[in-house]
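One-letter residues, chain by chain:
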Amino acid sequence: MSAEPVLLTVPAQPFEYRFSLAHTALVIIDMQRDFIEPGGFGETLGNDVSLLAAIVPTVQRVLAAWRASGGCVIHTREGHAPDLSDCPPAKRLRGEPKLRIGDEGPMGRILIQGEPGHAIIPELAPTDGEVVIDKPGKGAFYGTGLGEVLEARGITHLIVMGVTTEVCVQTTLREANDRGYDCLLVEDGTESYFPAFKEAALAMIRAQGAIVGWTAPSASLLAVLPT
Ligand code: TIU
């Protein structure tokens, strides 16, 4: 008879979040140079990208603790194939960005796989054995093998960090929620170009009895992880 995994309990909103390390993945969304550094996709859309760097030390802290606990780590990257075959024209042609997806920018072609801007920032670089999911859309399930990866590993719970809160993070949480995953969003491990949108996203995720998921500060999660 196999032993039941130990359940950990995080004080969270709207109520406690319970998970076991064996069945939970830490998912870090799109902490790429294209969103966090000047000259990338985020800036071409007209955003002040300096706001996002503030969460990097927090995400590093949680990632280090999670790695030490032996839990599954999944990184995602938004981007497209060099021939743009996986980029809907509607995504590339919408609006009046300074540079469009696939155009040459200061960090290589905007939002294209393999270019310097597409890379995860060095502070959060994946290590051997960690899963990296390349995704063409905002959600991490659409057009990717994430669902199969999670199923193969027996994952039922996701603890999520990354950028931006109301775009790729929220879309992924909603996709995950509809697939039956219990998701916790780390409040100070996610950021938006629009502080009001971040607060609104956190509120709408945990409203109505955790209609999409739970939220908690990183300190509450770190306090329950085995040291
Ligand atoms: N523009 C914006 O806020 N976000 C994105 O385009 N992608 C992600 O959130 N990763």
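Per chain, residue numbering runs from 1 following the sequence as it is written. Only residues with pLDDT of at least 70 get local features here, since the model is predicted, and only at 80 or more are side-chain atom pairs given and counted; chain-wide, interface and lining totals rely on the full set of residues. Working from all heavy atoms in the structure, the side-chain values ignore hydrogens and water.

Engineer: Looking at this structure, I do not really get the packing of helix H6 (residues 165-178) against helix H7 (residues 195-210). What am I missing?
Structural biologist: Describing two packed helices takes the angle between their axes plus the distance from one axis to the other. Only the stretch in contact is used when a helix axis is fitted, and all axes are lines through C-alpha atoms; the angle between N-to-C directions ranges over 0 to 180 degrees. Runs of E in the DSSP output that reach at least two residues are strands. Runs of H or I that reach at least four are helices, and both are numbered from the N terminus. Contact geometry of H6 with H7 gives a least axis separation of 10 Å together with a crossing angle of 15°. Relative to H7, H6 is oriented roughly parallel. In this structure, H6 crosses over H7, and the sense of that crossing is right-handed. On H7, the residues touching Thr165, Glu166, Gln170, Leu173 and Arg174 of H6 are Phe197, Lys198, Ala201, Met204 and Ile205. Taken together, the residues of the contact of H6 with H7 sort by class into five nonpolar, two polar and three charged. Note on terminology: angles under 35 degrees are roughly parallel, angles over 145 are roughly antiparallel, angles of 65 to 115 are roughly perpendicular, and the others are oblique. Two helices cross in a left-handed way if the nearer one is turned anticlockwise from the farther one by less than a right angle. They cross in a right-handed way if the turn is clockwise. Whether two residues are in contact is decided by their heavy atoms: any pair within 4.5 Å suffices. Here the term charged refers only to Asp, Glu, Lys and Arg, the term nonpolar to Ala, Val, Leu, Ile, Met, Phe, Trp, Tyr, Cys and Pro, and the term polar to all other amino acids, Gly among them.

Engineer: Whenever I open this one, the site of the ligand confuses me. Can you help?
Structural biologist: The near set for a molecule or strand comprises every residue that places at least one heavy atom within 4 Å of it. The local shell around the ligand consists of Asp30, Phe35, Phe41, Leu45, Glu78, Lys138, Val163, Thr164, Val167, Cys168 and Tyr193. Two N or O atoms form a polar contact when they lie within 3.5 Å of each other; inside protein one atom must be a possible hydrogen donor and the other a possible acceptor, and for residues adjacent in sequence the pair counts only when both atoms belong to side chains. Take aspartate 30: an N or O atom from its side chain is 2.7 Å from a nitrogen atom of the ligand. When grouped by side-chain class, the residues that make up the shell around the ligand number seven nonpolar, one polar and three charged.

Engineer: For this particular structure, what's the right way to read the sheet that holds strand E9 (residues 182-191)?
Structural biologist: In any sheet, the strands associate via hydrogen bonds between backbone groups, in a parallel or an antiparallel arrangement. Taken in spatial order, the six strands line up as E7-E4-E3-E8-E9-E10 in an open sheet, and their pairing is parallel. Every other strand in the sheet has two partners, leaving strand E7 (131-135) and strand E10 (214-216) as the edge strands with one partner each. Here the strands of the sheet are splayed against their neighbours by 25° on average, with no regard to which way each runs. When DSSP locates at least two bridges between a pair of strands, those strands are taken to pair. As paired strands, E9 and E10 are joined by three bridges and run parallel to one another. Each bridged residue has a counterpart across the sheet, and for leucine 185 the counterpart in E10 is threonine 215. Sitting on the sheet, H7 is in contact with E9 and E10, with an inclination near 160° to E9.

Engineer: Looking at this structure, how should I read the nonpolar core?
Structural biologist: Looking at soluble globular proteins, one finds that nonpolar side chains tend to be buried together. Formed by 42 residues in total, the largest nonpolar core has its most connected members in Phe19, Met31 and Ile159. Ranked by the residues each element gives to this core, the list is headed by helix H3 (residues 56-69), at six residues. Contact partners of methionine 31, with chain neighbours within four places excluded, come to Ile36, Ile55, Val56, Val59, Thr76, Ala119, Ile120, Ile121, Leu124, Gly162 and Val163. If you look at the next biggest cluster of nonpolar residues, it comprises 24 residues, including Leu150, Ile155, Cys168 and Val212. Put simply, a nonpolar core is a bunch of buried Ala, Val, Leu, Ile, Met, Phe, Trp, Tyr and Cys residues held in one set by side-chain atoms that sit within 4.5 Å of each other. For every residue, the accessible area obtained with a 1.4 Å probe (protein chains only) is divided by the maximum for its type, and the residue is called buried under 20%, exposed over 50%, and partly exposed between those limits.

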